Each structure stands twice: as C-alpha cells, then as structure tokens.
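# Overview (structure and organization)
Here is what each chain is made of, one letter per residue.
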Amino acid sequence: DFRRADIALGGQGAPLLPAFHAEIFRSSSENRAVVNLGGIANVTLLPKNVISPIRGFDTGPGNGLMDNWVMQCWQKPYDNGGAIAKSGKVIPHLLHSCLADVFFSKPPPKSTGRDYFHLDWLNQLIETSEYKQEDILATLLSLTAHTVSNALQPYQAETQRLFRCGGGAYNETLAQTIAHLMPHIQVETSEEHGVPPEWIEGCGFAWLAYRRLLQLNGNLPAVTGAKQSAILGT
C-alpha cells in the first residue's frame with residue numbers, strides 16, 4: 001500500500017519508481033532518462049547535476065492500448081516484437097487526433113491509467129471502418145513513441161542515454177521508432193546496465209519495502225506533487 005501516504009499529502013501516488021531509478025541509473029557524467037513501458041508509459045529524468053531535481057511522470061499509453069487492440073483483432077495477448085505493427089502503416093490523421101488529447105499537453109506532475117486510455121477512447125477517434133487493423137496498431141505504437149519523445153524534449157532535451165524497461169522494452173519495432181524520433185540519444189534496455197527490463201518494477205517495489213522497514217522516505221514530491229516526502233507502505 002505504497003500510494004496512500006503520498007495521496008494523503010496531496011500527491012498523485014504515482015509514479016513511485018523514479019526514486020529507485022535514480023538509485024540504480026543516475027550518473028554524474030551524463031544526463032539519463034528511464035522509460036517504463038508498461039500498460040501506461042512513464043519517464044524518469046536523471047540529470048547529471050546532482051543538485052537538479054529528479055523528475056518523473058506518466059507520458060500516456062505504453063503497451064495497454066496496443067495489447068487491447070491485438071487481443072480484439074487477433075486474439076493474442078500482445079504483438080510479439082512489434083511484428084504486426086511493423087507490417088502496418090501509420091495513419092497520420094488518427095495519430096494527430098490521438099496526440100490532441102488534453103492529457104499530453106498537461107504539465108507534470110501528472111499520472112494516468114488504463115481507466116482513461118482504453119479502447120472506447122480509441123474508438124471515439126476512429127472516424128471510418130476502412131482503416132486496416134494493422135495500420136491502427138502501427139498508429140498506436142507511433143503514439144507511444146511520440147509521447148515518450150515529446151515528454152523528454154521540453155524537460156531534458158539534452159538527454160544522452162535512455163534506458164527502456166518494462167514489458168514493452170522487448171518490442172523491437174517500438175524501440176526502433178523511439179530511437180528514430182530521438183537520434184541524438186543512445187537508447188538501450190536496462191539489461192545493458194545489469195537489470196533485465198521485466199525485473200525493474202519488482203526490484204523497485206522491493207526497494208520501497210526496504211525503505212519502509214528502515215523508516216526512510218520513499219516518494220519524491222517533485223514527481224508526485226505531494227507536499228513533502230513520506231514513509232510509504234503499511
């Protein structure tokens with residue numbers, strides 16, 4: 001129950017892992033960022049200047065919309081490696097409509113969830129039944145990539161290295177699209193830094209539990225919007 005204490009202090013209770021990301025990924029020699037590609041995507045900004053605050057926030061859909069669309073259209077839990085999306089073509093008008101959602105223009109701190117970005121949200125934006133299913137999937141993948149890129153530009157444009165983690169780290173088409181949008185950034189998985197992408201979240205919550213047992217604060221007010229730091233968990 002890590003979120004409740006942060007929410008009681010006026011925070012959003014999410015994202016909670018930027019403090020852990022800083023613990024294992026921050027460097028004094030380069031500006032780094034971490035993108036967690038779960039159902040919802042979130043970024044953590046890790047400036048090399050230790051005086052600068054760590055920032056983190058949800059960027060929008062991660063795998064959630066894509067997984068739901070793949071299940072609806074192909075009865076598969078996810079698009080393995082992004083192969084289906086790679087076979088499609090981005091629909092510019094649909095991508096523009098998705099990017100026009102008010103969430104993307106909100107300044108951080110901000111968080112969202114599957115209760116906001118779901119298939120009903122998508123269906124309201126699809127204006128014709130003539131779109132190919134794989135083209136819609138390619139557009140959803142592009143949406144995730146663009147919102148990650150758009151999140152980094154205004155808040156840490158000088159990012160030098162981006163670590164991918166979460167299940168979406170294994171979507172090669174998504175990884176290539178993110179890298180294409182940010183050619184000046186070295187994009188790699190967290191595994192290249194010693195921790196497999198699917199372990200990051202579990203390790204992060206274990207780290208929060210460790211902080212709880214030691215009576216140490218676990219949240220970052222600059223990330224969640226809470227009035228102050230707090231010991232998280234019960």
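Residues numbered from 1 in each chain as written. Predicted model: local features only at pLDDT ≥ 70, side-chain atom pairs only at ≥ 80, totals over all residues. Heavy atoms only, no water.

The helix and strand inventory of the chain stands at 11 helices and five strands. Its C-alpha radius of gyration of 18 Å places the chain within 12% of the 17 Å reference for a compact globule of 234 residues. Taken over the C-alpha atoms alone, the chain extends approximately 55 × 35 × 30 Å along its principal axes. When each of the 234 residues of the chain is scored for burial, the buried share is 51%. Total accessible area on the chain stands at roughly 11,000 Å², and carbon and sulfur atoms take up 52% of it. (Helix = DSSP H or I, 4+ residues; strand = E, 2+ residues; numbered from the N terminus. Rg over C-alpha atoms; globule rule 2.2 N^0.38 Å. Buried < 20%, exposed > 50% of the residue type's maximum accessible area, 1.4 Å probe, protein only. Areas by Shrake-Rupley, 256 points an atom, 1.4 Å probe, with all protein chains shown as cover.)

All right, on to the nonpolar core then. Counting 41 residues, the largest nonpolar core has Val43, Leu65, Trp69, Leu122, Ile136, Leu152 and Leu162 as its most contacted members. The leading source of residues in this core is helix α8 (residues 133-156), at nine residues. Look past the residues within four positions of Leu162 in its chain and what remains in contact with it is Ala33, Val34, Val35, Leu152, Ile178, Met182, Ile185, Gln186, Val187 and Glu188. (Core = buried A, V, L, I, M, F, W, Y, C linked by side-chain atoms within 4.5 Å. Contact = heavy atoms within 4.5 Å.)

Right, let's talk about the layout of surface pockets for a bit. Computed from the structure, the largest pocket encloses a volume of approximately 390 Å³. If you go around the largest pocket, you meet 24 residues; those closest to its centre are Arg3, Asn36, Ile40, Asn42 and Glu201. Among the secondary structure elements, those contributing two or more residues to the lining of the largest pocket are α2 (18-25), β1 (32-37), β2 (40-46) and α10 (200-213). Counted by class, the lining of the largest pocket contains nine nonpolar, 10 polar and five charged residues. (1 Å grid on protein atoms, 1.4 Å probe; cavity = no way out; pocket = protein on both sides within 12 Å on 5 of 7 lines; lining within 4 Å. Points joined across faces, edges and corners; volume = space filled by probe spheres on them. Nonpolar A, V, L, I, M, F, W, Y, C, P; charged D, E, K, R; others polar.)

Now for unusual backbone geometry. In this structure, the amide linkage connecting Ala14 to the following residue, Pro15, adopts the cis form with an omega of -15°. Examined against the element boundaries, Pro15 turns out to sit in the loop between α1 (3-8) and α2. Even without being glycine, Gln75 reaches a positive phi, approximately 55°. With respect to the helices, strands and loops of the structure, Gln75 is situated in the loop between α3 (64-74) and α4 (83-87). With a phi angle near 60°, Gln215 is a residue other than glycine that sits in the positive phi range. Relative to the assigned elements, Gln215 resides in the loop between α10 and α11 (221-224).

Attention now goes to the sheet that holds β1. Sheets are built from strands that pair by backbone hydrogen bonding, the pairs being arranged parallel or antiparallel. In space, the five strands of this open sheet follow the order β3-β2-β1-β4-β5, with mixed pairing throughout. Strands with a single pairing partner mark the edges of an open sheet, and in this sheet they are β3 (55-61) and β5 (186-189). Taken over all neighbouring pairs, the strand axes of this sheet differ in orientation by 20° on average, direction set aside. Examined bridge by bridge, β1 and strand β4 (residues 161-165) share five bridges and lie parallel to one another. Residue pairing in the sheet places Arg32 in a bridge with Arg161 of β4. Sitting on the sheet, α2 is in contact with β1, β2, β3 and β4, with an inclination near 50° to β2. (Pairing = 2+ DSSP bridges. Axes fitted to C-alpha atoms, helices over the stretch in contact; angles between N-to-C directions.)

This part takes up the pattern of salt bridges. Taken as a whole, this structure holds four salt bridges when the rule is applied. In this structure, Glu30 engages Arg161 in a salt bridge whose closest nitrogen and oxygen atoms are separated by 2.6 Å. Taken together, the residues span a long stretch of sequence, with Glu30 in the loop between α2 and β1 and Arg161 in strand β4 at a distance of 131 residues. Taking the relative accessible area as the measure of exposure, Arg161 reaches 22% and is therefore partly exposed. (Salt bridge = Lys/Arg side-chain N within 4 Å of Asp/Glu carboxyl O.)

Moving on: the packing of α2 against α10. One can describe the packing of α2 onto α10 by two numbers: an axis separation of 9 Å at closest approach and a directional angle of 100°. The orientation of α2 relative to α10 falls into the category roughly perpendicular. Packed against α2, whose contacting residues are Ala19, Phe20, His21, Glu23, Ile24 and Phe25, the element α10 presents Ile200, Cys203, Gly204 and Trp207 at the interface. (Parallel < 35°, antiparallel > 145°, perpendicular 65-115°, else oblique.)

This part takes up the packing of aromatic side chains. Here the structure, examined in full by the defined rule, presents nine aromatic pairs. Aromatic side chains Phe104 and Phe117 sit 5.5 Å apart centroid to centroid with 25° between the ring planes, which places their arrangement in the stacked category. One end of the pair, Phe104, is in helix α6 (residues 102-105); the other, Phe117, is in the loop between α6 and α7 (119-123), and 13 residues separate them in sequence. The class for Phe104 is buried, based on a relative accessible area of 18%. For Phe117, a relative accessible area of 2% puts it in the buried group. Centre to centre, the rings of Phe117 and Trp121 are 4.9 Å apart; their planes meet at 80°, and the pair counts as edge-to-face. Put simply, the rings of Phe103, Phe104, Tyr116, Phe117 and Trp121 pair up and form one aromatic cluster. For Lys110, the ring lying beneath its charged end belongs to Phe103, and the centroid distance is 4.5 Å. (Phe/Tyr/Trp six-rings, centres within 6.5 Å; stacked < 30°, edge-to-face > 60°. Lys NZ or Arg CZ within 6 Å of the ring centre and 35° of its normal.)

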